[in-house]
Amino acid sequence: MTAYVKCARLLEKMSSDGGSVIIVEDDSNIADLASAYLSKAGYSVRQAGDGARALDLCRTQNPCLVILDIGLPGDLDGFEVCRTLRATSDVPIIILTARSDEIDRIVGLEIGADDYIVKPFSPRELVARVKAILRRSTRMADSSSRIIHINDITIDMDARSVAVSGSEVHLTSREFDLLVFIAMRRGVALSRRQLLNGAWSNSWIGDERTVDVHVRQLRKKLGDGLNIHTVWGVGYRLD
Ligand code: CA
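Residues numbered from 1 in each chain as written. Predicted model: local features only at pLDDT ≥ 70, side-chain atom pairs only at ≥ 80, totals over all residues. Heavy atoms only, no water.

Chemist: Give me the lowdown on unusual backbone geometry, citing residues and values where you can.
Modeler: The omega angle of the peptide bond from Lys119 to Pro120 is -5°, so this bond is cis rather than trans. Tracing the chain through its elements places Pro120 in the loop between strand 5 (115-119) and helix 6 (123-144). The backbone of Arg160 sits at a positive phi, close to 50°, despite the residue not being glycine. Residue position: Arg160 is located in the loop between strand 7 (153-156) and strand 8 (161-164). By relative accessible area, which is 42% here, Arg160 ends up partly exposed. (Helix = DSSP H or I, 4+ residues; strand = E, 2+ residues; numbered from the N terminus. Buried < 20%, exposed > 50% of the residue type's maximum accessible area, 1.4 Å probe, protein only.)

Chemist: Give me the lowdown on the packing of helix 7 (residues 173-183) against helix 9 (residues 209-222), citing residues and values where you can.
Modeler: The geometry of helix 7 relative to helix 9 is characterised by a closest axis approach of 10 Å and an angle of 85° between their N-to-C directions. The angle between the axes of helix 7 and helix 9 places the two elements in the roughly perpendicular class. Note on element contacts: helix 9 touches helix 7 through Val211, His214, Val215, Gln217, Leu218, Lys221 and Leu222, opposite Arg174, Glu175, Leu178 and Leu179. (Axes fitted to C-alpha atoms, helices over the stretch in contact; angles between N-to-C directions. Parallel < 35°, antiparallel > 145°, perpendicular 65-115°, else oblique. Contact = heavy atoms within 4.5 Å.)

Chemist: Talk me through the pattern of salt bridges; I want residue IDs and the actual numbers.
Modeler: Enumeration according to the criterion identifies 11 salt bridges in this entry. With its nearest N and O atoms 3.0 Å apart, the salt bridge here joins Asp69 to Lys119. Remark: Lys119 occurs in strand 5 and Asp69 occurs in strand 3 (residues 65-69); sequence separation between them is 50 residues. Glu175 is the partner of Lys221 in a salt bridge, and the nearest nitrogen-oxygen pair spans 2.8 Å. Here Lys221 is found in helix 9, whereas its partner Glu175 is found in helix 7, with 46 residues between them in sequence. (Salt bridge = Lys/Arg side-chain N within 4 Å of Asp/Glu carboxyl O.)

Okay, structure coming up:
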């Protein structure tokens, strides 16, 4: 699966069903309340009452986020679960700690939790934190896989592929290079010479109208999502 498809699916999943969240908490009142609010916000929620069950669920469900209580019954407390998860996964983790346990929060963040919430907490605050962390982790996934989004267009620089609304569109190598060059300079009016130098090479000698031909092809292939404007007397600008 290419990175852009993965990313598109992740975004689609997050906007349609919110993704799946695992709540690891032995106090069923807290777990049920948090589940109810997260379900209402569109997430599919699974609960685990101890560490072993939590690790099992994470292996089989591949959640987009884990909410993890530190004080758990059995051999594995929240710290152990967090360490074990971090050994193999970068799933976002929010730890739940008691008000008095500042040390828990510090240790939790040191061993790889992304955020913490102090009990008792407002379920609305929990939902807001979950949303914020998922937004952040999606952005990180985008930058690490070098993906550019322009309206309904997704450009995957590593795979050198382009999709419109999730469907791959074939571009020539030159068209792709021109698209990436202009997409990385959104809002800047670029001269035909700058575009030739950037997308072709500094040594390219030729007719600047070549750029016009390629821009026309990009507009045709990528549709209305690509707002390349002609800047009279200069060249082009992507808005
Ligand atoms: Ca507990």
